[in-house]
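Observations on chain architecture
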2 protein chains.
Amino acid sequence: MTRELTLGILGGGQLAQMIALAAMPLGVRTVVLEPDAQAPARLCAEHLHASYTDPAGLKRLAGCDAVTLEFENVPVEATSVLDGQVPLRPSPAVLHRSKHRGREKAALEAAGANVAPYRMIETEAELEGALLAVGGQGILKTAELGYDGKGQVRVNSKHELRAAWTELGGVACVLEGLVPFVREVSLGVARGPDGTLSFGPLVENAHAGGILRRSIYPAQSSDAAAEQARILAGAVAEAWGVVGLITLEFFELSGGKLVVNEVAPRVHNSGHLTQDGGGVSQFEAAARAALGLPMQDFLPLHPCGMVNILGWEEGHEPDWAALDRISGAHLHLYHKANKPGRKLGHVNVVGRTREEVLAGMEQVEAALS
Amino acid sequence: MTRELTLGILGGGQLAQMIALAAMPLGVRTVVLEPDAQAPARLCAEHLHASYTDPAGLKRLAGCDAVTLEFENVPVEATSVLDGQVPLRPSPAVLHRSKHRGREKAALEAAGANVAPYRMIETEAELEGALLAVGGQGILKTAELGYDGKGQVRVNSKHELRAAWTELGGVACVLEGLVPFVREVSLGVARGPDGTLSFGPLVENAHAGGILRRSIYPAQSSDAAAEQARILAGAVAEAWGVVGLITLEFFELSGGKLVVNEVAPRVHNSGHLTQDGGGVSQFEAAARAALGLPMQDFLPLHPCGMVNILGWEEGHEPDWAALDRISGAHLHLYHKANKPGRKLGHVNVVGRTREEVLAGMEQVEAALS
């Protein structure tokens, strides 16, 4: 046999599917532990169809060469069983930080990164004075389990803050001040077991309704801002002792200064465009970092963009044939059932120039709407 | 569900594996009929583990949206069962031609293409005068079932010709005259059910021992030669009524004239470099053409090359870590057991210039040897 390694993944959704697709050509077989019988990764990985804490499933994962994950909200019971038995990358300590917005922000500040002004709200008493402390307006976010804009409420007054906290169930929250950003950007960084850092592209992102809609590389940021992003990402990866791949989301201020919004301890929707850029993809980078294989930067060779395909209301299915005809467009469907607003796939668009990519992305958006 | 189609493939080797990997993001599930329990495509496709003529297996394939194949030597019994039940692309008529060197050459000439001087040798009597008729030297090839240099003998005299024919078992053969080429090039063409043509890149190939060793795009051919290749490929696809993807191998003569060496009714080793070029890959093009999905040319956006990984003698395993470190190199392993000389994988190399790609390919070859 040629090189033959096995990578375990906690979770079997589209991120696991794309890691498995990218890992296969490296001589890597993938095993996913995932309770959903219809999970996307079942099509190209060994599917352990069980809960994340299933002893037999965890035993099988423990027999892999390394284990990674596709979402940060894996039960601690699962990661603590694996820890010590198999390299778990990123480690439980990194997950512990990044699954809780409060701990994450404190750990980012400790690593030397700027974050938005924030206050932890764990008791009703802490509502008092919090809004003023973060600048008079903000976003209240549950400390744990939020994603894609879920568990977030924009608040402009003390009254709204109180109502929002009640609406979110009175659980531990973080109140974040608004950051007057000129753009949102993100960057992936992978760190190998030997400490080697490799970087993804600085990608520019546009959200709507809390969900990423489109990304483009290169970002319109200055070279200095891109370098700052790499320095910050490297500093966080080192300070946190990351082995594996993490993605940092930043707010870029008008002077080019970067404020870290959040950290995903995994591949990220904004990195999907690396699949078709001619370079190493974030999925290959994640597999390599988890397995301790030699790393390279995972940078596209040419401009590229990404548009998410969200689930549609009846009668609004995308025009697949129109999508298929767009020059430079690469379709990526996850084989998931339609549900309005659900991430069902994405389209990467490549081109020789940023303008060509933007024009292609507009055609994609027209075919999707 | 998003778009959901099913593509059947006769054969489950590495070509089927790479078609399945490319088809999945299009919303296409793949089913392979393949007798080998360890066949590469089992890792990312539904594997019907049975002979090519297995009635239950063929029935399952007949229920797919379309069926294609990864090698031309599929038993006629299999294709004739499928024909009429499901779109089989390319069609049995195309396969019938391209699986027999004599019929293929006649059909190429009928389509207006130049071929090397040749003689059919089906009886001992036909050996007489044959070598002189093709120019005094040639290559005797079995009319059917040859691949990767197997079933071929170089002959320089009447005596050698007779011995070679005996060595090949006295079966139907084609004696081909030598063509004084300056380079070998190849080009894929896909034709949709509506007759639309789309083209791959003109790729330059280097063989050794009858096996493709390396390919590079762009070829050093003139633009006129590249245009001639597209015209010839289109003419053959139309004259043969191809629906699906075929690949033409050419000898390029010193004046730029092209002589067709052979036609593969499928994706081809020389097209593997399209996987990492930022454009549509030959595998996606093959899936699209078979399923009648809209097509685009399947051209890389930047220079790229490919080096095959052949099975090694004990003690000569490739230096995987060195391969992993080569900038611009993309590894593709097929998950096959090692056997000296067997195709086990390939490495695509991408770069901003042809020179950068060639330099990367040299590093790859050093890591492989």
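Residues numbered from 1 in each chain as written. Chains lettered and ligands numbered in written order. Predicted model: local features only at pLDDT ≥ 70, side-chain atom pairs only at ≥ 80, totals over all residues.

All right, on to the overall build of chain A then. From N to C terminus, chain A includes 11 helices and 17 strands. In terms of C-alpha radius of gyration, chain A reaches 20 Å, essentially the compact-globule figure of 21 Å for 369 residues. The dimensions of chain A, computed from C-alpha atoms along their principal axes, are 65 × 50 × 45 Å. The buried share among the 369 residues of chain A stands at 54%. (Helix = DSSP H or I, 4+ residues; strand = E, 2+ residues; numbered from the N terminus. Rg over C-alpha atoms; globule rule 2.2 N^0.38 Å. Buried ≥ 20, exposed ≤ 12 C-beta atoms within 10 Å, placed from the backbone.)

Take helix 8 (residues 223–239) of chain A next. Residue and element names in this part refer to chain A. Look at helix 8: 24 Å from first C-alpha to last across 17 residues, which is about the 24 Å you get at 1.5 Å a residue. Buried residues along helix 8 sit in contact with helix 5 (101–110), strand 9 (183–191), strand 10 (197–199), strand 13 (244–252) and strand 14 (258–264). Immediately beyond the C-terminal end of helix 8, within one or two residues, lies Gly-241, with a positive phi of roughly 65°. (Expected span 1.5 Å × (residues − 1). Contact = placed C-beta atoms within 7 Å.)

A word on the sheet that holds strand 8 (residues 173–177) of chain B. All names here are of chain B. Across the sheet, four strands lie side by side as 5-8-6-7; this open sheet has antiparallel pairing. Among the strands making up the open sheet, the edge pair consists of strand 5 (118–121) and strand 7 (152–155). This sheet shows a mean twist of 20° between the axes of neighbouring strands, independent of strand direction. The sheet contact formed by strand 6 (residues 138–142) and strand 7 spans four bridges and is antiparallel. Bridge pairing in strand 7 links Leu-140 to Val-153. Most of the contacts of helix 7 (residues 158–167) go to strand 7, to which it runs at about 170°, and overall it touches strand 5, strand 6, strand 7 and strand 8. (Pairing = 2+ DSSP bridges. Axes fitted to C-alpha atoms, helices over the stretch in contact; angles between N-to-C directions.)

As a further point, take the sheet that holds strand 1 (residues 5–10) of chain B. Residue and element names in this part refer to chain B. The strand order across the open sheet built from four strands is 3-2-1-4, with neighbouring strands paired in parallel fashion. Every interior strand has two partners, whereas the edge strands, strand 3 (46–48) and strand 4 (66–69), have only one. On average, each strand axis in the sheet is tilted by 25° relative to the strand beside it, whichever way the strands run. Note: strand 1 against strand 4, four bridges, orientation parallel. By the bridge assignment, Gly-8 is partnered in strand 4 with Val-67. Packed onto the sheet, helix 1 (residues 14–23) meets strand 1 and strand 2 (28–33) and runs at close to 165° relative to strand 2.

Attention now moves to the domain arrangement of chain A. Under the domain assignment, chain A is made up of domain 1 (5–88), domain 2 (117–177) and domain 3 (183–368). Put simply, the middle of domain 1 of chain A and the middle of domain 2 of chain A, counted by C-alpha atoms, are 34 Å apart. (Domains from an automatic or database assignment.)

Residue-level contacts link 34 residues of chain B with 34 residues of chain A. Listing elements by their share of the side of chain B that touches chain A, those giving two or more residues are helix 10 (320–325), strand 16 (329–333) and strand 17 (343–350) of chain B. The element that contributes the greatest number of residues to the side of chain B that touches chain A is helix 10 of chain B, accounting for four residues. Tallied by class, the residues present in the side of chain B that touches chain A amount to 17 nonpolar, 11 polar and six charged. (Nonpolar A, V, L, I, M, F, W, Y, C, P; charged D, E, K, R; others polar.)

The predicted model of chain A has a mean per-residue pLDDT of 95, with 99% of residues at 70 or higher. As a predicted assembly, this complex carries a pTM of 0.95 together with an ipTM value of 0.94. (pLDDT = per-residue confidence, 0-100.)

To continue, consider the pairing of strand 13 (residues 244–252) of chain B. Residues and elements named next belong to chain B. Across the nine residues of strand 13, nine count as buried, placing the element largely inside the fold. A two-sided burial pattern is seen for strand 13, the buried positions comprising Gly-244, Ile-246, Leu-248, Phe-250 and Glu-252 on one face and Leu-245, Thr-247, Glu-249 and Phe-251 on the other. Direction of pairing for strand 9 (residues 183–191) relative to strand 13: antiparallel, over a ladder of nine bridges. Of the residues in strand 13, the one forming a bridge with Val-189 is Ile-246. Summarising the sheet, strand 13 and strand 14 (residues 258–264) pair through six bridges and their orientation is antiparallel. What sits directly across from Thr-247, in strand 14, is Ala-264. Two successive antiparallel strands, strand 13 and strand 14, enclose a turn made up of five residues, where Gly-256 displays a positive phi of approximately 100°.

Among the nonpolar cores identified, the biggest contains 237 residues, and A:Ile19, A:Ala287, B:Ile19 and B:Ala287 are the most heavily contacted of them. Ignoring anything within four residues of it in the chain, the contact list for B:Ile19 reads B:Ile9, B:Thr30, B:Val267, B:Phe283, B:Ala286 and B:Ala287. (Core = buried A, V, L, I, M, F, W, Y, C linked by C-beta atoms within 7 Å.)

Moving on: the environment of B:Val189. Residues and elements named next belong to chain B. On the secondary structure map, Val-189 appears in strand 9. Residue Val-189 is classed as buried on the basis of its C-beta count, with 28 C-beta atoms lying within 10 Å. If near-sequence neighbours (up to four positions away) are discounted, Val-189 is found in contact with Leu-197, Phe-199, Ala-233, Gly-234, Ala-237 and Ile-246.

Placing chain B over chain A gives an RMSD of 0.0 Å and needs a rotation angle of 180°, together with 0.0 Å of translation along the axis. In short, the pair behaves as if placed about a two-fold rotation axis. A share of 100% of interface residues in chain B that are also interface residues in chain A marks the association as one of identical surfaces. (Least-squares fit on C-alpha atoms with pLDDT ≥ 70 in both.)

To continue, consider the environment of B:Ser98. All names here are of chain B. Note that Ser-98 resides in helix 4 (residues 92–98). We classify Ser-98 as buried; it has 22 C-beta atoms within 10 Å. With residues near it in sequence (within four places) discarded, Ser-98 still touches Glu-72, Glu-104, Val-263, Ala-264 and Pro-265.

Residue and element names in this part refer to chain B. Remark: helix 1 packs on helix 9 (residues 282–291), axes separated minimally by 8 Å, with the N-to-C direction vectors making an angle of 80°. By the angle between their axes, helix 1 is roughly perpendicular relative to helix 9. Across the interface between the two elements, Met-18, Ile-19, Ala-22 and Ala-23 of helix 1 pack against Phe-283, Glu-284, Ala-286 and Ala-287 of helix 9. Residue composition of the contact of helix 1 with helix 9, grouped by class: seven nonpolar, no polar and one charged. (Parallel < 35°, antiparallel > 145°, perpendicular 65-115°, else oblique.)

Most of helix 9 (residues 282–291) of chain A sits inside the fold, with 10 of its 10 residues counted as buried. Those residues of helix 9 of chain A not exposed but buried are A:Gln282, A:Phe283, A:Glu284, A:Ala285, A:Ala286, A:Ala287, A:Arg288, A:Ala289, A:Ala290 and A:Leu291.

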